[in-house]
Amino acid sequence: MRSSLAPGIWFLRAFSRDSWYRGFILLLTFLIYTCYHMSRKPISVVKSRLHQNCSEMIKPPNDTHSPNDTTWCSWPPFDKDNYKELLGAVDNAFLVAYAIGMFISGVFGERLPLRYYLSAGMLLSGLFTLLLGMAFFWNIHVLWYFVLIQICNGLVQTTGWPSVVTCVGNWFGKGKRGLIMGIWNSHTSVGNILGSLIAGIWVNEQWGMSFVVPGIITAVMGIITFLFLIEYPEDVDCVPPQHHGGPEENQNNPEDPGSGRYSPQESSLETAAGCSKEPSAQPVAISFFGALRIPGVIEFSLCLLFAKLVSYTFLYWLPLYIFNVAHFSAKEAGNLSTLFDVGGIIGGILAGLISDYTNGRATTCCVMLILAAPMLFLYNRFGQSGIATSIVMLIICGALVNGPYALITTAVSADLGTHKSLKGNAKALSTVTAIIDGTGSIGAALGPLLAGLISPTGWHNVFYMLISADVLACLLLCRLVYKEILAWHLLLSKDAGSCLALTQTR
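Let me sum up the structure you'll find in this document. Residue positions are given per chain, counting from 1 as you read along its sequence in written order. Local features in a predicted model are, by the rule used here, given only for residues with pLDDT of at least 70; side-chain atom pairs are given and counted only at 80 or more, and totals for whole chains, interfaces and linings are based on all residues. Hydrogens and water molecules were not included; the side-chain quantities draw on all heavy atoms of the structure.

### As for unusual backbone geometry
And step 1. In this structure, Pro77 follows Pro76 across a cis peptide bond, with omega equal to 10°.
And step 2. The secondary structure listing takes helices from DSSP runs of H or I that are at least 4 residues long and strands from runs of E that are at least 2 residues long, numbered from the N terminus. Here Pro77 shows up in the loop between helix H3 (42–50) and helix H4 (83–111).
And step 3. At Asn139, a position not held by glycine, the phi torsion is positive, near 60°.
And step 4. By the element assignment, Asn139 lies in the loop between helix H5 (114–137) and helix H6 (143–157).
And step 5. One non-glycine residue, Asp237, adopts positive backbone phi at about 60°.
And step 6. As for its position among the elements, Asp237 is in the loop between helix H10 (209–228) and helix H11 (247–252).
And step 7. Buried means the residue's accessible area, taken with a 1.4 Å probe over protein chains only, is under 20% of the maximum for its type, while exposed means over 50%, and partly exposed covers the values in between. The exposed category is assigned to Asp237, whose relative accessible area is 68%.

### Considerations on the nonpolar core
And step 1. Residues Trp207, Leu376, Tyr379 and Leu466 are the most contacted members of the largest nonpolar core, which totals 120 residues.
And step 2. Examining the composition of this core, we find that 15 residues originate from one element, helix H14 (residues 297–325), more than from any other.
And step 3. By the convention used here, residues are in contact when the closest approach between their heavy atoms is within 4.5 Å. In this view, Trp207 contacts Val46, Arg49, Leu50, Trp75, Leu132, Ala135, Phe136, Phe146 and Trp202; residues no more than four positions away in its chain are not counted. Within this scheme, the nonpolar core is defined by two criteria: the residues are buried Ala, Val, Leu, Ile, Met, Phe, Trp, Tyr or Cys, and they are joined through side-chain atoms within 4.5 Å.

### A look at the pattern of salt bridges
And step 1. Salt bridge, as used here: a side-chain nitrogen of Lys or Arg that lies within 4 Å of a carboxyl oxygen of Asp or Glu. On inspection of all chains with the given rule, the structure shows 6 salt bridges.
And step 2. One salt bridge connects Arg22 with Asp18, and the closest N-O pair in it is separated by 3.9 Å. Of this pair, Arg22 and Asp18 both sit in helix H2 (residues 17–40), 4 residues apart, which is roughly one turn of the helix.
And step 3. A residue is classified by how much of its surface remains accessible, and Asp18, at 15% relative accessible area, is buried.

### A short note on the packing of aromatic side chains
And step 1. Any Phe, Tyr or Trp ring, taking Trp's six-membered ring, that has another such ring centre within 6.5 Å forms a pair; planes under 30 degrees apart are called stacked, those over 60 apart edge-to-face, and the others tilted. Going through the model one piece at a time under the given rule, you end up with 25 aromatic pairs.
And step 2. On the numbers, 6.4 Å between centres and 25° between planes, the contact of Tyr21 with Trp171 is stacked. Of the two residues, Tyr21 is situated in helix H2 and Trp171 in helix H7 (residues 160–171); the sequence distance between them amounts to 150 residues.
And step 3. You can call Tyr21 partly exposed: its relative accessible area is 25%.
And step 4. Under the relative-accessibility criterion, Trp171 is labelled buried at 0%.
And step 5. With centroids separated by 6.3 Å and ring planes inclined at 85°, the aromatic side chains of Trp207 and Phe211 adopt a geometry described as edge-to-face.
And step 6. Its relative accessible area of 1% is what places Trp207 among the buried residues.
And step 7. An aromatic cluster is defined as three or more aromatic residues linked by ring pairs; in this entry it consists of Phe314, Trp317, Tyr321, Phe340, Tyr379, Trp459 and Phe463.

Okay, structure coming up:
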């Protein structure tokens, strides 16, 4: 008598070959970008170790510092009174280089094999992260070393985001893109959490290891990427995804409500995309200005500028804020700050799920941004009154701040990069992603810089700046929200008309 099919084998057979490949690509790209963010996070945890109050610590016998020197245990050159400005300069060296490089990276990403491009970027990123940690072991105390390494790291890290979004966009259609990419985009928060936890292990002893270990992991992941990344479904005889559902989508598209035909602007985009209807023709990469003319790219790019300003200010300054205001140790502050990223995972998934259900990407972002502003005020006012309050408010703030950021950088970028006016030309995806994230990265550079300049006047002023940025991000989406509301109204009117016609027929 034969036994029934083994449960594990039954599970394996329940999914098609294409589904297994898609799942593999989703997991691989998830791990790739987790490593990118993991290597960025340690600097925010190590900041509190580079400059600290040493008054309660016992000096070693051979110490030559003055008896009244309370920063003798800090790491020069960050032992001076202007340490916040110096740390802000180190942050901005990375972020400004990242913002500038992102606009160029998308162009290269469309013209070079993604596997080579991404692998090289990860190997170099791992190297520069490791070199930042070697400052501890080599006893380096000059500012230019930290700035130079951060500039190089910022440039090579731009290889990551356009490449992984393009790869995922090549494998997944528009159907449940918001939910899939919302879950997938949790790599940002997972990377931040891992980076904080790894850095926290060594921050109080050998802080150089807080960079060395993430650097090695990132480099190893670069080798795995070279060995296993598959750029297109066609490369392994899988069926390519369908990016558009047909004429009905055109009629209900919030970017062009009530119109199933392309506008003159969109018609010219088809020419810019250079996509031939013949199967054998290779699509031509879209130009930078051609990508800017895709409806919605400019609005979402500017919105992301302010949304990312808020997110990256938390990324780089939250551990130091907790360390200074709540008076936790450097390790405890780093661990507590991970709750903001836990909230970011929840917010990204919720934003994707809601936007899929409502077909309203802009409205979803706008509502979350509106709710984020008062929550930031409440966190600054009451967030440090107790550990339970701090945990709950950090998670809520993380969800509301990172939800729109996650949605714009993933599902929205993929939607616009495969806009109906491009007629299936996926060559625009990397450029559109680079434009949106590059513009957002300008905000990412401004946020920590402004925080470093404003924080000496009081942390409450930093939060007022963040609240203002949230409000501006929301206002920039007003036109797109109005279009989505019009599209819903037309859809409801159409459904009501169909019901009335059926009733009269009966």
